[in-house]
Amino acid sequence: MRIVRIELHVIEMALKTPFVTSLGTVRNRSGIIIEATDENGVTGYGEAVAFSTPWYTEETTQTCFHLLKDILAPLVINHQFTRPEELHKRMAEIRKNPMAKAAIDMAVWDLYAKTLNKPLHLVIGGTRKTVLAGISIGASTVEQLLEQTNAALKDGYSRIKIKIAPGRDLDRIRAIREAFPELSVLADANSAYIDHEKELSALDDYGLQMIEQPLSQDDFIDHAGLQKRLKTPICLDESITSFHSAKTAVELKSCRVINLKIGRVGGLTEAIKIHDLCLEHGIQVWCGGMLEFGISRAHNVALATLEGFTIPGDISSSERYWEEDITLPDVKVKDGVITPFKGPGIGVSLNRKRLEQVRKHYELLE
Ligand SMILES: O=C(O)CCC(=O)C1=CC=C[C@@H](O)[C@@H]1C(=O)O
Ligand SMILES: [Mg+2]
């Protein structure tokens, strides 16, 4: 099979609730929805999940647009392939830029599953009938955090993730523990403790499920030393940008958990390889979120049906973020779980009316 047409839709939507992290606040979310159509007119969907500024990783919506339009689309259009992994390999000639590559890799997997007329989660070997839903709360005050946690529990979420930074950690953790002593809670630092490593020991006695990426975003050594000193499992997010980096983390014992994001690691092909590595080495893995739109969210649901996803991830309902998402149907959490879509591929279609409303730019590549 071969892709004969790629369409890029650059979109932007305001988040219902601003998302506050140790690195800044996200109010508006831009992204790129990609359609890849083959010679028989079958179309697969992908999404470039980079933010509009390089606060989380070095990629942005603009860098992804440039890579997709000028480098990656010309590399894959009209290139014969039988399996998605072959195009992923072809894109490996281009260095880094995982989120741009992931957009195409997601679309190719969706297209491939549709040509088999099978749901993507079954094509990749998913065994879970439902996916455990967790929720990441980016709140600026303790009161807002408690409020949003209460609402999350009412919506059936069984685990919450909070954002921490030096001087904004113990107050939050103590408040959550006091109000919800049994709740499964993890804390995401987004590398905020690089020069405050000693302050992390104070967080070690609150039964946190894990502490996510406390140190430098390209580190393995310091996290390995920290993991030896802490009871609480370390989870790596930004450090894990490829299968090789996951292998490094496993060999150096830098973490006991990995937050797996399809965009950050360069696509579903790589994410599946990292999942298999974690399963082999007893490293817990969960599906992280990127405040994304419905296409990437639907790919996350498919990924999280794999055997190794034993704990809730950051996949929550689309309606938490958007007045109206760009897919039909959108992702819905019910009683703390998400049921994988039954249709071929990712099982959702584009809500074209909504896509037009929020689209800033369109590019047709053939
Ligand atoms: O998509 C979600 O609901 C979770 C998003 C989330 O927690 C994150 C997305 C991107 C960067 C960070 O702020 C954080 C993370 O590091 O996991
Ligand atoms: Mg994180």
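In this text the structure is predicted, and so the values were computed from the model without any measurement. (Residues numbered from 1 in each chain as written. Chains lettered and ligands numbered in written order. Predicted model: local features only at pLDDT ≥ 70, side-chain atom pairs only at ≥ 80, totals over all residues. Heavy atoms only, no water.)

Peer 1: Just checking my understanding: could you explain the environment of Ser239 for this structure?
Peer 2: The topology assignment puts Ser239 in the loop between strand 9 (234-236) and helix 8 (243-251). Residue classification places Ser239 among the buried residues on the basis of a relative accessible area of 3%. The residues touching Ser239, leaving out its near neighbours within four places in the chain, are Gln213, Ser216, Gln217, Asp218, Asp219, Phe220, His223 and Ser245. Looking at Ser239, its side chain comes within polar contact range of the main-chain oxygen of Asp219, at 3.0 Å. (Helix = DSSP H or I, 4+ residues; strand = E, 2+ residues; numbered from the N terminus. Buried < 20%, exposed > 50% of the residue type's maximum accessible area, 1.4 Å probe, protein only. Contact = heavy atoms within 4.5 Å. Polar contact = N/O pair within 3.5 Å; in protein donor to acceptor, adjacent residues only side chain to side chain.)

Peer 1: Mind showing me how you'd approach the nonpolar core here?
Peer 2: Within soluble globular proteins, side chains that are nonpolar tend to cluster in buried spots. If you look at the biggest cluster of nonpolar residues, it comprises 119 residues, and the most contacted ones within it are Ile6, Leu68, Leu303 and Ile326. No other element matches helix 3 (residues 98-115), which puts twelve residues into this core. Mapped onto the domain boundaries, this core takes at least three residues apiece from domain 1 (3-117 + 350-365) and domain 2 (122-346). When sequence neighbours within four positions are dropped, the list of residues in contact with Ile6 reads Ile34, Glu35, Ala36, Ala73, Val76, Ile77, Ile104, Glu363, Leu364 and Leu365. Within the second largest apolar cluster, six residues are counted, among which are Leu186, Met210, Cys235 and Val257. (Core = buried A, V, L, I, M, F, W, Y, C linked by side-chain atoms within 4.5 Å. Domains from an automatic or database assignment.)

Peer 1: Even after reading the chapter, I still don't get the domain arrangement of the protein chain, so can you show me in this structure?
Peer 2: Interface extent is often summarised as the accessible area lost during association of the parts. Here the protein chain is described as being made up of domain 1 (3-117 + 350-365) and domain 2 (122-346). For the pair domain 1 and domain 2, the summed buried surface comes to about 4000 Å²; carbon and sulfur atoms form 67% of the total. Its largest share of buried area at the contact with domain 2, domain 1 owes to Lys16, Phe19 and Tyr56, together 18% of the area lost on that side. Remark: the boundary between domain 1 and domain 2 carries 20 residue pairs in polar contact (both at pLDDT 80 or more). Every element with two or more residues in the side of domain 1 that touches domain 2 is listed here: strand 1 (3-21), strand 2 (24-38), strand 3 (43-48), helix 2 (84-91), helix 3 and helix 12 (352-358). (Buried area = accessible area lost by both parts, 1.4 Å probe.)

Peer 1: Any chance you could explain the site of ligand 1 here in plain terms?
Peer 2: With respect to spatial proximity, 21 residues lie near ligand 1, and among them Ser136, Lys161, Asp188, Leu291 and Tyr321 are the closest. Within the side chain of Asn190, an N or O atom sits 2.9 Å from an oxygen atom of ligand 1. Residue Leu291 places a main-chain N or O atom 2.8 Å away from an oxygen atom belonging to ligand 1. Among the secondary structure elements, those contributing two or more residues to the shell around ligand 1 are strand 1 and strand 6 (159-163). (Near = heavy atom within 4 Å.)

Peer 1: Sorry, what's going on with unusual backbone geometry here?
Peer 2: Glycine aside, negative phi is the norm for most residues, and most peptide bonds take the trans geometry. Cis geometry marks the peptide bond from Leu328 to Pro329; its omega dihedral reads -15°. Structurally, Pro329 is set in the loop between strand 12 (327-328) and strand 13 (337-338). Backbone geometry places Asn190, a non-glycine residue, at a positive phi of 45°. In this structure, Asn190 sits in the loop between strand 7 (184-188) and strand 8 (210-212). Accessibility expressed as a relative area gives 3% for Asn190, which makes it buried.

Peer 1: Just checking my understanding: could you explain the side chain of Ser136 for this structure?
Peer 2: Assignment of secondary structure puts Ser136 in strand 5 (residues 135-137). Sequence-distant contacts of Ser136, that is, excluding residues within four places in its chain, are made with Phe19, Lys161, Lys163, Asp314 and Arg320.

Peer 1: What is the right way to read the UniProt feature "domain: Mandelate racemase/muconate lactonizing enzyme C-terminal" (unreviewed entry) in the protein chain from this model?
Peer 2: Under the UniProt annotation, "domain: Mandelate racemase/muconate lactonizing enzyme C-terminal" (unreviewed entry) lies at residues 142-233. Within residues 142-233, the helical portion is 35% and the strand portion 14%, while the C-alpha atoms at the span's ends are 24 Å from each other. (UniProt positions renumbered as here; feature names shortened; annotations may be inferred.)

Peer 1: I would appreciate a short explanation of the coordination of the magnesium ion (ligand 2) in the present structure.
Peer 2: Coordination angles at a metal have ideal targets, namely 109.5 degrees for four tetrahedral donors and 90 or 180 degrees for six octahedral donors. Protein-derived coordination of the magnesium ion (ligand 2) comes from Asp188 (OD), Glu212 (OE) and Asp237 (OD), at a distance range of 2.0 to 2.4 Å. Site description for the magnesium ion (ligand 2): donor spacing in sequence, D-x23-E-x24-D. Of the two residues, Asp188 sits in strand 7 while Asp237 sits in the loop between strand 9 and helix 8, which places them 49 residues apart along the sequence. Comparing Asp188 with Asp237, the two get one shared label, buried. (Donors = N, O, S within 2.8 Å, 3.2 Å for Na, K, Ca; no water.)

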